[in-house]
Amino acid sequence: MNREQIARRVDLIGPSTGAIVSVATWCALHGADAEAIIAYVAEKMKHKETSDAQRASLIYLIHELLLTCATRGVSDSAKRSILIAVSRALPRAVQDTLRQKTSDHTSFVMALRKATEWWAMLNLFPTAWLAQLQRASQEAQETAGHSTAVPSALLQVAGLMQRYQHAKEIWLQNKRVKAEEGTSATNTSGGVSGQDVNSGGGGGGG
């Protein structure tokens, strides 16, 4: 299978699940050509014209292909070819992609993190390979200045502020309730005293 044939199929990929599954199914049916297919996916992934959303879709494409392998949807020889191709091409493609300083990698990094978590559960790759991929991704982010630590920290701060606001509202509500209870108790106490005074006054008048 030549590069043009592969490109025509892989370039059809989009953000929708249907598009991703459709392309992944085609890739699985041509598992014998996994090396050429994954090589093109890796090439497209790190191309400077590829958008962040498209890169995320390519990660999900690889994931769907690996799911097919895990569920015995391909022959043993095709499965072996796919796993070898992914293990060889993906770490370098991720590293080269994240080194692009002018690109936004938010969706790509999110997809990669989800995928590596799923792949660990599928038990298709050695733990050391997954750790290497995650480490390469993190190092590339730091080099390119695209660390996701700031967005994560902002989310944590937002969560803390929300919890603080909620606690403050509860405190104010409790304060109002106690104030109302105190006022009610005072009024009740005053009423009793008034009755006593009136009774006393009535007796004095008699």
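Report follows, based on the coordinates. Worth saying up front: this structure is predicted, and the values here are computed from it rather than measured.

Moving on, we get to the overall build of the protein chain. A count of helical and extended segments in the protein chain gives eight helices and zero strands. Along the protein chain, helices and strands appear, N-terminal first, in the series α-α-α-α-α-α-α-α. Per-residue burial for the protein chain yields a buried fraction of 33% across its 206 residues. In the protein chain, the proportion of contacts linking residues at least 24 apart, taken out of those at least 6 apart, comes to 71%. Carbon together with sulfur atoms contributes 54% to the accessible area of the protein chain, which is approximately 12,600 Å² in total.

Note on aromatic pairs: each is described by the distance of the centres and the angle between the planes. The full count for this structure, using the stated rule, is four aromatic pairs. Ring geometry for F125 against W129: centres 4.2 Å apart, planes inclined by 25 degrees, an arrangement best described as stacked. Of the two residues, F125 and W129, neither departs from the other in class, the shared state being buried.

A few words on helix 4 (residues 52-70). An ideal rise of 1.5 Å per residue puts 27 Å on 19 residues; helix 4 measures up with 27 Å between its terminal C-alpha atoms. Turning to helix 4, its buried residues are D52, R55, A56, S57, L58, I59, L61, I62, H63, L65, L66 and C69. Where helix 4 is buried, its residues meet helix 1 (3-10), helix 2 (17-29), helix 3 (34-46), helix 5 (76-98) and helix 6 (106-122). Of the residues trailing helix 4, R72 is marked for its positive phi of about 60 degrees.

Cut-offs and rules
Residues numbered from 1 in each chain as written. Predicted model: local features only at pLDDT ≥ 70, side-chain atom pairs only at ≥ 80, totals over all residues. Heavy atoms only, no water. Helix = DSSP H or I, 4+ residues; strand = E, 2+ residues; numbered from the N terminus. Buried < 20%, exposed > 50% of the residue type's maximum accessible area, 1.4 Å probe, protein only. Contact = heavy atoms within 4.5 Å. Areas by Shrake-Rupley, 256 points an atom, 1.4 Å probe, with all protein chains shown as cover. Phe/Tyr/Trp six-rings, centres within 6.5 Å; stacked < 30°, edge-to-face > 60°. Expected span 1.5 Å × (residues − 1).

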